[in-house]
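Residue strings, one per chain:
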Amino acid sequence: MSTEDIRTDLHGRIEPGILYFGTPVVLLSTRNEDGTANLAPMSSAFWLGWRGMLGLGARSQTAVNLLRERECVLNLPDDSLADAVDRLALTTGRDPVPEGKARRGYRFEGDKFGRAGLTEVPSETVRAPRAAECPVAMEAVVAGVHPLAEDDPEQRGGILVFEVRIQRVLVHDAIRVPGTDDHVDPDRWRPLIMSFQQLYGLGPRLRESALASIPERMYRGPDIARSRLAGAADALRG
């Protein structure tokens, strides 16, 4: 195919309410003030080396716990745990439920592990428990807290990005490369993926997600409108 045959107008402009193109689900376990455990599904996470960046609503129970306890466990479910993860959808450990979550249909749940049907096991280096059924558990401490969208008065203070330092990685033997102590076998590790509110494995969608009952428009923020202004400014400069 010659360069003349390649289309240059493949992209069409859209304005989705969220930009979750697909990341692994994390079940983030933390300790509540009374010593009980909280377990929260999230997917706004990425890793560089043994550091992780976790994006959370500032008023969530998980964020409150992280700010106080400065530690957590990043439990990674595989695709067999889709039902357990979905049982935690639309629940929060915060009582009363924050207004924004209440509008989206969230309800208080004091026993997150029980609700998910997962088993608490003691961690080795932090006080927050691990989820026994998750094939991967990464014990971590908070290394830094970074506010997001500080440039926007409407969003300022609403989202925090936690930088965590991983200090213990524990995996099920079933996903370890046989005979090694530092290799996960990607052909055996089947992460649970969240893409645009739906749960997937490395293949077709596994099931309908309760989280997808929230209309995407409820996630729309002022950055979408701001992007239009940026495009107009570029046109003026051109």
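A brief look at the structure comes next. (Residues numbered from 1 in each chain as written. Predicted model: local features only at pLDDT ≥ 70, side-chain atom pairs only at ≥ 80, totals over all residues. Heavy atoms only, no water.)

1. Examining unusual backbone geometry
A negative phi holds for most residues other than glycine; trans holds for most peptide bonds. Inclusion rule: The way it works is that DSSP assigns letters per residue, a run of H or I at least four long becomes a helix, a run of E at least two long becomes a strand, and they are numbered from the N terminus. Think of it in three bands: with a 1.4 Å probe and only protein chains considered, a residue is buried below 20% of the maximum accessible area for its type, exposed above 50%, and partly exposed in between.
A cis geometry characterises the amide bond from Asp-95 onward to Pro-96, with omega recorded as 5°. Following the sequence through the fold, Pro-96 ends up in the loop between β7 (91-92) and α3 (99-103). Phi at Ala-149 is positive, roughly 60°, even though this residue is not glycine. With respect to the element layout, Ala-149 can be found in the loop between β11 (136-147) and β12 (159-171). Given a relative accessible area of 15%, Ala-149 falls into the buried group. Unlike most non-glycine residues, Gln-197 shows phi in positive territory, near 75°. Relative to the helices and strands, Gln-197 is located in the loop between β13 (193-195) and β14 (198-200).

2. With respect to the pattern of salt bridges
Short version of the rule: By definition here, a salt bridge exists when the distance from a side-chain nitrogen of Lys or Arg to a carboxyl oxygen of Asp or Glu is within 4 Å.
Applying the stated rule across the entire model yields 15 salt bridges. Notably, a salt bridge pairs Glu-69 with Arg-68, separated by 3.1 Å at the nearest N-O pair. By relative accessible area, Glu-69 is classed as buried at 13%. Of the charged contacts in the structure, one is a salt bridge between Glu-139 and Arg-130, with a shortest N-O distance of 3.3 Å. Relative accessible area serves as the criterion here: at 0%, Glu-139 is assigned to the buried category.

3. As for the pairing of strand β3 (residues 37-42)
Keep this limit in mind: The criterion for strand pairing is that DSSP finds at least two bridges linking the strands in question.
With respect to burial, β3 is a largely interior element, 5 of its 6 residues being buried. For strand β2 (residues 26-31) and β3, the ladder comprises 6 bridges, and the chain directions are antiparallel. Bridge assignment links Arg-31 to a residue of β3, and that residue is Ala-37. Linking β2 back to β3 in an antiparallel pair, the connection comprises 5 residues, with Gly-35 at a positive phi of about 95°.

4. Considering the sheet that holds strand β1 (residues 23-24)
Sheet architecture is open: 4 strands sit in the order β1-β13-β14-β15, paired in antiparallel fashion. Whereas interior strands pair on both sides, the edge strands pair on one side only; in this sheet they are β1 and β15 (205-207). Where β13 meets β14, 3 bridges bridge the pair, whose relative direction is antiparallel. Opposite Met-194, over in β14, you have Leu-199 as the bridge partner.

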